Amino acid sequence: MKILKIAFTNVNSLRGDHEIDFSAEPFISSSLFAITGPTGSGKSSILDVISLALFNQVPRLGKISRNEIIAKGAILTRNQKEAIARVTYECKNGIFSSQWSISTNRNDNLRDYEMELFDHQKNELIDLKKSDVPNKNEELIGLNYDQFIKAVLLAQGEFAQFLKVTKKERGALLEKITGTGIYRLIGQKVYEKNAELNKDIEQQQNEIKIIKENLVEEEVLKLHHTELQKKTTSCEDFQKEIEKLKKSLALKEDIQKKTLDIKSLEDNHAIATANLASFEKEHGAPLQQHEKVQDYSEELRNWNLLGKEISNLKTEQTTLTDSFKNNSEKTSQLISEVVAFTKTKTDSANFTKNLMEFRNKVLNLKEQKKEKLNDYRLEKTRLEAELNLTEIHLNETNPELTNLEVQEKIRNSEDSLKNWKEEFKVSNTEEIEALKTKLQQEYKTTREATKDYSAIEEIQKELSRNSAENEKLQPQLKSLPGDIEKQQARVKTLQTELEILTLKRENEQLKASLEQQRHKLKDGEPCPLCGALAHPYAEHLPEKDTRLELEIKNIREQLETQTSMLNTYSTNFKNHQKHLGELNENSKTLEGNLQKLKIHFQEKYCSLADAQNLQELEKRCDTLENKVEKLTNFEKEQKELQHLKAALPIIKKLQSILQEGKLFKEKLDELYIGNDIQQDVEQYQNRWISLERDLKNLNESREKLKKLQLEKESSLQILEKELLPKLSEKGFQEISTGFSALMPAPEANRLRLERQQIQKKIDDNQASHKILQNQLEELQNLDSEIKEEEIKAQLQEKNELFQSVSNECKEIDRILKNQEERVTRMQKLQEEIAEKEKQTRRWRMLNELIGDRTGNKFNDFAQDLTLSRLIKLANVRLKDLSDRYLIDKPTEEEDDGLVAIDEHMGGQRRSVKTLSGGETFILSLSMALALSDLASKNVEINSLFIDEGFGTLDPETLDQTLDTLEKLQAESSKTIGVISHVDSLKERIATQIQLTRNGQGYSSLEITG
């Protein structure tokens, strides 16, 4: 995976549009670059753009949402409307561009973010929901967010801390850096699962033990079965005797109950009889009167209803009279308002006519005023079109001033045109255009000739330069062969002298070996060379002569100097010869080109043969250009004069229209001062129509009421005539008396029902009394002579005997059932334990290997493997950074921190805490690079960013580190970005992304290299 381009708009302090193209210069020439700038200038924001565009996350904030941006004021630059982050990257599946964006709506409220992914090979957007884009990027790149951050953004600062901390703290850091926390969770889950399974088995085994302790012995169990059979037979006999006694007792209770029921019925019969007499006394007479007139109840109710309706109709007629009066007052008020509005004599006969005539008069005046306004606008547009080429504008308040200004302009234009006509000897537009075209063609030809002549002079200058350089080279080419020959002789002489001195030194060295043997001779011991016992020359040895070495050294230095000079002479001679050949070849080519250009110039520009040099041609161009410009102004002035003359009658017409419009306005203001005549007239008209409609309705209502009252009164008379004779027969002399005797139907029905219910109770009591009396006689015939108390005593005795035996049976049965349930439960538990033992075996083994309460066992094991792999990869990287150190894990006797093996000190093991800041940086950088290798073991990562830490390095180590990064970049074609503000690093890395802050809190970005 390689990042090809970063583009972003308004991200944090970086306002505006920015683009960093790693596939273009200067990054093509140098893929090692620095991101520089002061603290807070936005260096980290560039890295935020990458992770934001790919995964919608940034290292310092996590996942980004609309609410997150509002709450923390992050990502979107202050006072800006939108933010965009786009990354173009290349992977094994092709080239893709992933974009994240957010913007505000027209109310400046932040919308939700958007994400999209573009496939450059297919040249189309991939159809994805925004929430699926990060997952698709993960699939294409081969790294999730956490892996990407560790593989691409190398935080060596964390590793500097990681090198020095204790084992426990190192484990926590390693878990954070590598994301191995899952192993701790697995260890805890294994421990919990094993504990859970073992706890169940242990509980079940304890339960089996308790069950066995409570089981009954086999012999006791047989005795319980025999005893249960005997006692069960006794219980059955007792039950039969108890049932017999219960029946006798129940018979006596029934006799007593029947006796009481008969007594109760007799009491109820007396009460019902009394209730009937009371009812007849209270309601008998009214109910009897009602029953006399109930056959005429409908006619009586109709008679009462007709009387009420006639009374209501009279009341409504009184109300109508008030409405007539109110309508008349409103009509008079409306006519008065219209008289004031139209200023005409108006009554109900001509109300509508006067309103319409007044409206039409006002509308006609408004239409005439509008027509004049349209005429004014049309003429104004025409005038503006005529004055468009001039600087004159219409004075709408006083057009006469514009008229005077136009006339003045006409006089000035005529004077100017008179002068130009005398200068160019032309009188009309055709002559001006023809002269202008001719001068433009001459100018074009002269300008082309100037360019061609300039090319000729340029070649002549280059030939002169070549000639001067040729003359300059000739003396050197003549002197250098002699200098080379002399220098060769000097070198040969020095080589001969060096050979002689070298041979002499070898002889001296041979003699020196014998002198060393003389130092070892002792008096009385034989010489190993001659066997003599006396050694007179073993003492007072001559001093060693060092002059020969100095001479050899001197000769060698002279030889190196002279050889270097010889090489310089030879190289210069060859370069001068080559340069001379190139100059001659170039001059030959230039002379040919010069000849062709001169011939071409003479043929093409024969009309300009009188021009002697470039200055004369340029002067002629200026003269022609000036004439063309004057003719253009002449032509423009003529057109402007025509427009000015055409504008004069338009101005006069405008003055006339303004005067007429003013008169129309005065008439209209005198007649009507409202805003909408149509609306005002419609309102008056609607009120008038409404009042007329109300009056009509009132008349119709009055006639209807009169008619209805007559009909109701007629019906009432007919009904009274028919009803009165019928009521007289029942003893009622007036209809009103008969209506008063009439009860409401529900009340009458209620009283009848109440009387029927009382009578029914009396009848039912009599029937029930007869039945109960017969039943009592039958029961008395079946009853025995034994007293009830004796039967109860016998029943109690039998019940007690039965209960005692029954309880003993239940107890024996409970013991037998408990025995059976315990045996069944014990067998089931044994089966479950056997099955769980099979399942638990795997978890028990896992728990022994990796499980514990805190998860440390498996986590420490996994981290140890990860640390070993990380250290191995780090040592591979460290070889490129320094040949002195290797990183290793501490032994049990050593400090908890990691150990540096010092190869320069015979493999001495040192705590990393004893290293200098620069040495610590080199080790932490190797660890950071190793983590990148580890995180991207299945994915090729060709883009790396390394954070701060270079400030702790001395110049030599900094150079060595940068050499290593350059080597890494060259070998792997990686794009490597170094984030720093170290000045020496800025000088060493030419390609830079420079960030600077301004005084408003924003930053600017510049790419140099």
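Residue numbers run consecutively from 1 along every chain, following the written order of its sequence. It should be noted that, the model being predicted, local features are given only for residues of pLDDT at least 70 and side-chain atom pairs only at 80 or more, the latter also being counted only at that level, while totals for whole chains, interfaces and linings use all residues. Side-chain descriptors were evaluated using all non-hydrogen atoms of the structure, hydrogens and water having been removed beforehand.

Peer 1: Could you give me a rundown of the overall build of the protein chain, with the residues and numbers involved?
Peer 2: Comment: elements are numbered from the N terminus, with helices defined as DSSP H or I runs of at least four residues and strands as E runs of at least two. When helices and strands are tallied, the protein chain shows 22 helices and 17 strands. By sequence separation, contacts in the protein chain at least 24 residues apart represent 73% of the contacts at least 6 residues apart. Surface accessibility follows the Shrake-Rupley procedure with a 1.4 Å probe radius. Residue values consider only the protein chains on display as shielding. Here the protein chain has roughly 62,500 Å² of accessible surface; of this, 49% comes from carbon and sulfur atoms. We call two residues in contact whenever any of their non-hydrogen atoms come within 4.5 Å of each other.

Peer 1: Give a description of a nonpolar patch on the surface that names residues and reports values.
Peer 2: Here a patch means residues that are over 30% exposed by relative accessible area and free of salt bridges, tied together within 9 Å if like-charged and within 5 Å if nonpolar (Val, Leu, Ile, Met, Phe, Trp, Tyr). When a carboxyl oxygen of Asp or Glu lies within 4 Å of a side-chain nitrogen of Lys or Arg, that pair is called a salt bridge. A cluster of nonpolar residues, I182, Y183, L185 and I186, forms a patch on the protein surface that exposes about 320 Å² of accessible area. Turning to its location among the elements, I182 is positioned in helix 7 (residues 181–214).

Peer 1: Account for helix 3 (residues 133–141), with residues named and values stated.
Peer 2: Think of it in three bands: with a 1.4 Å probe and only protein chains considered, a residue is buried below 20% of the maximum accessible area for its type, exposed above 50%, and partly exposed in between. Where helix 3 is concerned, the buried positions are V133, P134, N137, L140 and I141. Considered in projection along helix 3, the buried side chains sweep an arc of 125 degrees and stay on one side of the axis. In this structure, the buried side of helix 3 is in contact with helix 1 (43–55), strand 6 (82–91), strand 7 (94–103) and strand 8 (114–119). Following helix 3 by one or two positions, G142 adopts a phi angle in the positive range, close to 95 degrees. Arc definition: directions from the helix axis to the C-beta atoms.

Peer 1: Requested: an account of the pattern of salt bridges, with residues and values cited.
Peer 2: Side chains that carry opposite charge are capable of pairing whenever their charged atoms lie near each other. By the definition in use, this model includes 24 salt bridges. Across the pair K604 and E448 runs a salt bridge whose closest N-O atoms are separated by 3.7 Å. In this pair, K604 is assigned in helix 13 (residues 547–604) and E448 in helix 12 (residues 429–519), connecting sequence segments 156 residues apart. By relative accessible area, which is 41% here, K604 ends up partly exposed. Assessed through its relative accessible area of 29%, E448 is described here as partly exposed. Shared partners join several salt bridges into a network, and the residues in it are E227, K231 and E808.

Peer 1: Go over the packing of helix 1 against helix 3, please, and point to the residues and values.
Peer 2: Contact geometry of helix 1 with helix 3 gives a least axis separation of 7 Å together with a crossing angle of 105 degrees. Taken together, the axes of helix 1 and helix 3 are roughly perpendicular relative to one another. Between helix 1, through A53, L54 and F55, and helix 3, the contact on the second element is made entirely by V133, P134, N137, E138 and I141. Ten residues, namely Ala, Val, Leu, Ile, Met, Phe, Trp, Tyr, Cys and Pro, are considered nonpolar, four, namely Asp, Glu, Lys and Arg, are considered charged, and the remaining ones, Gly among them, are considered polar. Tallied by class, the residues present in the contact of helix 1 with helix 3 amount to 6 nonpolar, 1 polar and 1 charged. Structural elements are reduced to axes, namely lines fitted to C-alpha atoms, with helices fitted over the stretch in contact, and the angle between N-to-C directions of any two is expressed from 0 to 180 degrees. In this scheme, roughly parallel covers angles under 35 degrees and roughly antiparallel covers those over 145, while 65 to 115 is roughly perpendicular and the rest are oblique.

Peer 1: Account for the nonpolar core, with residues named and values stated.
Peer 2: One broad trend across soluble globular proteins is that nonpolar side chains are buried collectively. Core analysis: the largest hydrophobic core is formed by 82 residues, its most contacted members being Y89 and W100. If you look at the next biggest cluster of nonpolar residues, it comprises 21 residues, including L387, I432, L631 and I650. The term nonpolar core refers to a set of buried residues drawn from Ala, Val, Leu, Ile, Met, Phe, Trp, Tyr and Cys, joined through side-chain atoms within 4.5 Å.

Peer 1: An account of the pairing of strand 1 (residues 2–11) is needed here, citing residue identities and associated values.
Peer 2: Successive residues of a regular strand alternate their side chains across the two faces of the sheet. With 8 of 10 residues buried, strand 1 lies mostly within the body of the structure. Strand pairing follows a simple DSSP-based rule, namely that at least 2 bridges must link the two strands. Note that strand 1 and strand 6 share 7 bridges and pair antiparallel. Bridge assignment links K2 to a residue of strand 6, and that residue is E90. Pairing of strand 1 with strand 2 (residues 14–21) involves 6 bridges; the strand directions are antiparallel. Across the sheet, residue I6 finds its bridge partner in strand 2, namely I20. The turn joining strand 1 and strand 2, which pair antiparallel and follow one another in sequence, is formed by 2 residues; a positive phi near 55 degrees is taken by N12.

Peer 1: Summarise the sheet that holds strand 12 (residues 899–902); cite the residues concerned and give the values.
Peer 2: Read from one edge of the open sheet, 3 strands run 11-12-13, paired in antiparallel fashion. At either end of the open sheet lies a strand with only one pairing partner, and these are strand 11 (885–888) and strand 13 (908–911). This sheet shows a mean twist of 35 degrees between the axes of neighbouring strands, independent of strand direction. In this structure, strand 12 lies alongside strand 13, joined through 4 bridges in antiparallel fashion. If you follow D902 over to strand 13, its bridge partner there is Q908.

Peer 1: Lay out the packing of aromatic side chains in plain terms, naming residues and giving numbers.
Peer 2: To pair, rings of Phe, Tyr and Trp, with the six-membered ring standing in for Trp, must have centres within 6.5 Å; the planes then decide the type, stacked if under 30 degrees apart, edge-to-face if over 60, and tilted in the middle. Tallying each qualifying case throughout the model produces 9 aromatic pairs. Where F55 meets Y145, the ring centres are 5.9 Å apart and the plane angle is 70 degrees; that geometry is what we call edge-to-face. Taken together, the residues F55 in helix 1 and Y145 in helix 4 (residues 145–152) connect sequence positions 90 residues apart. F55 sits in the buried class, given a relative accessible area of 5%. For Y145, a relative accessible area of 12% puts it in the buried group. Feature note: the residues F22, F27, F33 and F945 constitute an aromatic cluster, connected by ring pairs. Throughout this description, the term charge over a ring refers to an Arg CZ or Lys NZ atom that lies within 6 Å of the ring centre and within 35 degrees of the ring normal. Cation over ring: R15 sits above Y1002, and NZ or CZ is 3.9 Å from the ring centre. Against the face of Y113 rests K130, its NZ or CZ located 4.6 Å from the ring centre.

Peer 1: Could you give me a rundown of unusual backbone geometry, with the residues and numbers involved?
Peer 2: In this structure, P26 follows E25 across a cis peptide bond, with omega equal to 5 degrees. Mapping P26 onto the fold places it in the loop between strand 2 and strand 3 (32–36). Phi is positive for D108, which is not a glycine, with a value near 65 degrees. Note on placement: D108 falls in the loop between strand 7 and strand 8. A relative accessible area of 48% places D108 in the partly exposed class.

Peer 1: For the side chain of D21, give the residues involved together with the corresponding values.
Peer 2: Inspection of the secondary structure puts D21 in strand 2. Despite being buried, D21 has no salt bridge partner; K5 is the closest side chain of opposite charge, sitting 4.2 Å away. In protein, a polar contact means a hydrogen-donor-capable atom and an acceptor-capable atom, both N or O and within 3.5 Å, with residues adjacent in sequence counting only if both atoms are side-chain atoms; elsewhere, any N or O pair within 3.5 Å suffices. In this structure the side chain of D21 is engaged in a polar contact, spanning 2.5 Å, whose partner is the side chain of S23. When residues no more than four places from it in sequence are discounted, the contact partners of D21 are L4, K5 and F27. Only four residue types enter the tally: Lys and Arg on the positive side, Asp and Glu on the negative side, with His and both chain ends excluded.

Peer 1: Residues and numbers for the environment of D622, please.
Peer 2: Within the secondary structure, D622 sits in helix 14 (residues 614–671). Judged by its relative accessible area of 48%, D622 is partly exposed.

Peer 1: Account for the environment of L1005, naming residues and giving values.
Peer 2: Position of L1005 among the secondary structure elements: in strand 17 (residues 1003–1008). Here the alpha-carbon distance between L1005 and I35, two residues 970 residues apart in the chain, equals 10.0 Å. Apart from the residues within four sequence positions on either side, L1005 is in contact with F8, H18, I20, I46, I993, Q994 and L995.

Shape descriptors only; they carry no functional weight alone.
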